[in-house]
Amino acid sequence: MADMHSPSQHSIVVRIEAYAGAVAMVAVSTLVGLWIAPRWGTAPVDMIYLPAVLAAAALWGLGPALAAGLAAALAYNFFFTTPVHTFRMDRVTDVVTVIVLLIVALVTSKLAAGIREQARLAAAHAARNATIAGLAGRLLSCSTEEEIARTACEELRALFHCNAMLVAGLPEPRSLAAVPEGNRLTPSDIAAAALTLQSGEPAGRGTPRLQPAEWVFYPVQSSSGVIAAAGLARDDGVPPVNDDQLPLVANLLDQVALALVRANAEAESRDVAALRERDHLRSALLSSVGHDLRTPLTGIIGAAAELRRHGGEDPALLATVECEAGKLERYISNLLDMARIEAGAVKLKTEPVDLVDVVVAALKDMRPTVGDDRVTIDIADNLPLVQADPQLLHHCLINLIDNAARYSGAGAAIRVAASAARGEVRLSVEDEGPGLPQDGERALDAFSRISGSDRKGGAGLGLAIVKAFAEAMGAKVLAANHDGAAGAIFTLAFPKALIVKASEAADAG
Amino acid sequence: MPASPPKVLVVDDEPQIRTLLKATLSRAGYSVVEAATGREALTAKSIDKPDLVLLDLGLPDRDGLELVALLRQEPRAALIVVSARDQTEQKVAALDLGADDYVTKPFDTEELLARVRASLRHRLASEAERQIVEVGPITIDLLERSVRRGGDEVHLTPKEWTLLSELAKHPGRVLTHDALLRTAWGPAHVGQTEYLRVAIRALRQKLEETPSQPRLIVNEPGVGYRLIAK
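Residues numbered from 1 in each chain as written. Chains lettered and ligands numbered in written order. Predicted model: local features only at pLDDT ≥ 70, side-chain atom pairs only at ≥ 80, totals over all residues. Heavy atoms only, no water.

Q: Mind showing me how you'd approach the pairing of strand β5 (residues 225–233) of chain A here?
A: Moving residue by residue along a regular strand, the side chains alternate between the two faces of the sheet. All names here are of chain A. Two elements, strand β1 (residues 163–168) and β5, share five bridges in a ladder whose sense is antiparallel. Following the sheet pairing, M165 is matched in β5 by G231. Across seven bridges, strand β4 (residues 216–222) lies against β5 in antiparallel orientation. Within the sheet, the bridge partner assigned to P219 lies in β5 and is A229. (Pairing = 2+ DSSP bridges. Helix = DSSP H or I, 4+ residues; strand = E, 2+ residues; numbered from the N terminus.)

The structure is reproduced here in C-alpha cells:
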C-alpha cells in the first residue's frame, strides 16, 4: 500500500522541479534551433519546440506544459522571428506557430493527465484489491473467533497506523481483540460501539454520531446483520481514516465478517460432529456394558445359587465365581479408565521403568484368569529402562494379556516378550487365537473407537485403552498376525526418545 | 500364636467389607474390633489398643491420610491401608506417613493375611532385632553383613547391600522407591528411580534363579519394592 500521508513539502519540491525541467527542455530546444537556423533557415525551428512541449505535458501535466508552451513561444519569438531579438512579431505564420504551441501544450497535457489519473486509479484499485486479498488470505488460516479478531486488528493497525479493536455483543460490547493490547474504552467509546452494533452505521470520532468518543467504530456486517464493530483510534486524536479510504475499510470489514461467519459455522459443525461421536460412543458403551456386566454376573449368580442349594464346596463353581468376579473388576476398571480418557483426565507420571517389573506385576494380577503355566516370558538380558508411567503401562499389559487369553481359548499358550532392536524397545503379547481380521493396520484403526460389537465382549474397550494410554506415554501400539502360524501379536513400541540411556543410570553401583 | 491372639481393628464404612474381613481374620486366629468411621476408629484405637489397624482410606467423615497420621500415634500399632486401584499417589503418601503396607481393593484375602502377618511380625521383630532373614534359597545375615545363596557366599557392592538389608529388615513389606533411594543414595537422589532400577536388576542377577522372572524382589508399579517373605 502506498504511503497515504506524503508531506506537502515534498510535492512542492516536485512541482518546482517540473517547471524547471519544462523550461530547461525549451532552452535545449532553443539551442538546437540556434544551431539549425543559420544553416537551413527558421522554417523547421517551430517544430523543434514541439517535442519539448509534448514531453513536458506528458511528464508533468498542465502547468509545466503551459509553462513550456509559453517559454517556447517567447523563445521562438525572441530568437527566430523577425525582427530578431525582440518580442515583436510581424508575420502571421509566427503568431499561428505560437498559438499552435500553446494549444498543443493544453491538449497533450489534458490527455496525459487523464491517462495518468487512470493509471493512478488502476494502481490504487490493484493495491486495494491486494490489501483485501491479503487480509482474506490471512483470515483463512484463522480458525477461532479470537484469531480472526486479532489478525483483523493487526491488519487495520498496519494499514491505518492506528490502534485497532474488534468488539461484539449487545447491550455490553466486549472486546474480541485489541492491538496493541490493553486499550481501554471510555464510556462514550462503548456507547459509540453499541450504536454501531445496533444501527450498522459508523459512529464515534470523525462521524456525525457520538463525536466526543476517542474511537471511531465501523460495522462488521454479514447477511444476517451486524456481528461486530471495528474500532480505530490514533493516539494524536486525528480520525485515522479519510473519506477516500472508507470503501477500503468497508471491503476489509466484509472479509472479517465472512471469516467470522465461517468460523462460527465450523465451530458449530465441530460441535455437532463431537456430539455425534459421543452419542456413537455412548451407545457402543451401553451395549458393551449390557453384555460385559451381565455375562460374568450370570456366572456368579448361577454358581452362588448352585453352591447354596447343594451346600457343597464344588471347586469348579467356586473358581467360576472368583474368575468371573475378576472379569467384572477388570471391566469396571476399563470403564473408569475409558471415562478418564474421554474426560482428558489421564495424568502422566513417568519414571524409568524396568519392563521385567512391569511383566511380573501384570502376570501377578492376571494369575486368577490365565494361571501360571500358560504364559511364557521371554525378556532380553540388559534390556534398557524405558521412560513410562508404571500404572498406565501396567493397565496396558493387563489388557493385552486379557485380550490374548480371550482369543486363545482355554489353556492355549500366551507369550510375553520384550526386546530392543533398531533403537526401539518392544514389549509384545502373542496369542494362538484366530488372529486379526484383514491386515494389522486396519485392525488398529478399530482401536480409536469402541467397536465392541464384532469382538468378544469388551475387547474393543481394552484395546482402545491400550492405544490411548500408550499414545499418552509416547509409545506406539502395533497389531499384526503371526507369519505362518495362527495368532495375533500386539506390540508396545517405545521409540528412542523414551529409552533411558545406560549412562544416565551409571551411578547405580 | 502368643497366649492372647493379636487384635486387629478393621476400619471401613462398608458393612459387607467389615463382615468379610472379620470372618477372614477370625478364622486366621485374630481377634477383631470394628469401626465404621474415623471417629470410631480413633476411639477404638485408644480403648481396645489393637496390634494392627486395617484402614480404608475412603471414609466418609475424615480424610484418609489425616487418619493415618493420627493412628500412627502412641500406642504404636501396625497400620495397613486399604485403597482403591487408581490411587497410587495416595498409597505412596500413606506409606510415607508411616503406614506399614497397603492392599488394593478388591483384594485377595490370602494376600491380605500375608500382609497382616508381615506387618505384625515386623512389629514384634523390631522389639528384638532380627539377625537372620531367610528368603527362598537366600540367607541374609544382618549382623554379619553377609548373604548366602544355597550355602555359597554372594558378593554385593555396598549399594546393593544397603538396598538388600533395608528390604530384609522389612520382609514382606513394600518400601517406597523414595525411601530406598534415601537410604542407599541419600536425600539428594530421591526421585532418581533409574539408579534404583539398575541396582535392583544387579541384585536380581546375583540372587534370583531367573533374573527376568524375579520371585524374591518384586515391584509394585509406581510404589516400591518388596522382598517376598517366606
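Let's pick the thread back up.
Q: I'm lost on the nonpolar core in this one. Help?
A: The tendency in soluble globular proteins is for nonpolar side chains to be buried side by side. Residue and element names in this part refer to chain A. Residues L355, L393, I401, L492 and F494 are the most contacted members of the largest nonpolar core, which totals 52 residues. In this structure L492 touches L393, C396, L400, V425, R426, L427, V466, A470, K476 and V477, once residues within four positions along its chain are discounted. In terms of nonpolar packing, the next biggest core, distinct from the first, is built from 34 residues, A228, V241, A257 and A263 among them. (Core = buried A, V, L, I, M, F, W, Y, C linked by side-chain atoms within 4.5 Å. Buried < 20%, exposed > 50% of the residue type's maximum accessible area, 1.4 Å probe, protein only. Contact = heavy atoms within 4.5 Å.)

Q: Please explain the confidence of the model for chain A as it appears in this structure.
A: Low-pLDDT portions of the prediction should not be read for the details of their coordinates. All names here are of chain A. Considering every residue of chain A, the mean pLDDT works out to 81; 91% of them sit at 70 or more. Here residues 1–7 is modelled with pLDDT under 50, and outside its nearest four sequence neighbours on either side it reaches three contacts, counting other chains as well. Low pLDDT (under 50) marks residues 445–457, which in the prediction has 24 contacts with non-local residues, meaning those over four places away or in another chain. (pLDDT = per-residue confidence, 0-100.)

Q: Just to check I follow, could you spell out the interface of chain B and chain A for this structure?
A: The extent of an interface is frequently quoted as the accessible surface area lost upon association of the parts. In this assembly, 27 residues from chain B lie in contact with 29 residues from chain A. Interface area for chain B against chain A, summed over the two sides, is near 2,600 Å², with a carbon-plus-sulfur share of 49%. Counting across the interface, chain B meets chain A through five salt bridges. The shortest N-O distance in the salt bridge between D357(A) and R204(B) comes to 2.5 Å. Counting every contact that joins chain B to chain A gives 10 residue pairs in polar contact (both at pLDDT 80 or more). Listing elements by their share of the side of chain B that touches chain A, those giving two or more residues are α4 (88–96), α7 (177–185), α8 (193–207) and β11 (217–220) of chain B. Partitioned by chemical class, the residues of the side of chain B that touches chain A number 10 nonpolar, eight polar and nine charged. (Buried area = accessible area lost by both parts, 1.4 Å probe. Salt bridge = Lys/Arg side-chain N within 4 Å of Asp/Glu carboxyl O. Polar contact = N/O pair within 3.5 Å; in protein donor to acceptor, adjacent residues only side chain to side chain. Nonpolar A, V, L, I, M, F, W, Y, C, P; charged D, E, K, R; others polar.)

Q: So what exactly am I meant to see when it comes to the sheet that holds strand β9 (residues 152–154) of chain B here?
A: Strands in a sheet are paired, the pairing made by backbone hydrogen bonds, and the direction either parallel or antiparallel. Residue and element names in this part refer to chain B. Read from one edge to the other, the open sheet built from four strands follows the order β6-β7-β8-β9, with strand pairing classed as antiparallel. Of all strands in the sheet, those bounded by a partner on one side alone are β6 (132–135) and β9. Strand-to-strand twist across the sheet, computed as the mean angle between neighbouring axes with direction ignored, equals 25 degrees. As defined by bridge partners, β6 adjoins strand β7 (residues 138–141) across four bridges and the pair is classed as antiparallel. If you follow I132 over to β7, its bridge partner there is D141. (Axes fitted to C-alpha atoms, helices over the stretch in contact; angles between N-to-C directions.)

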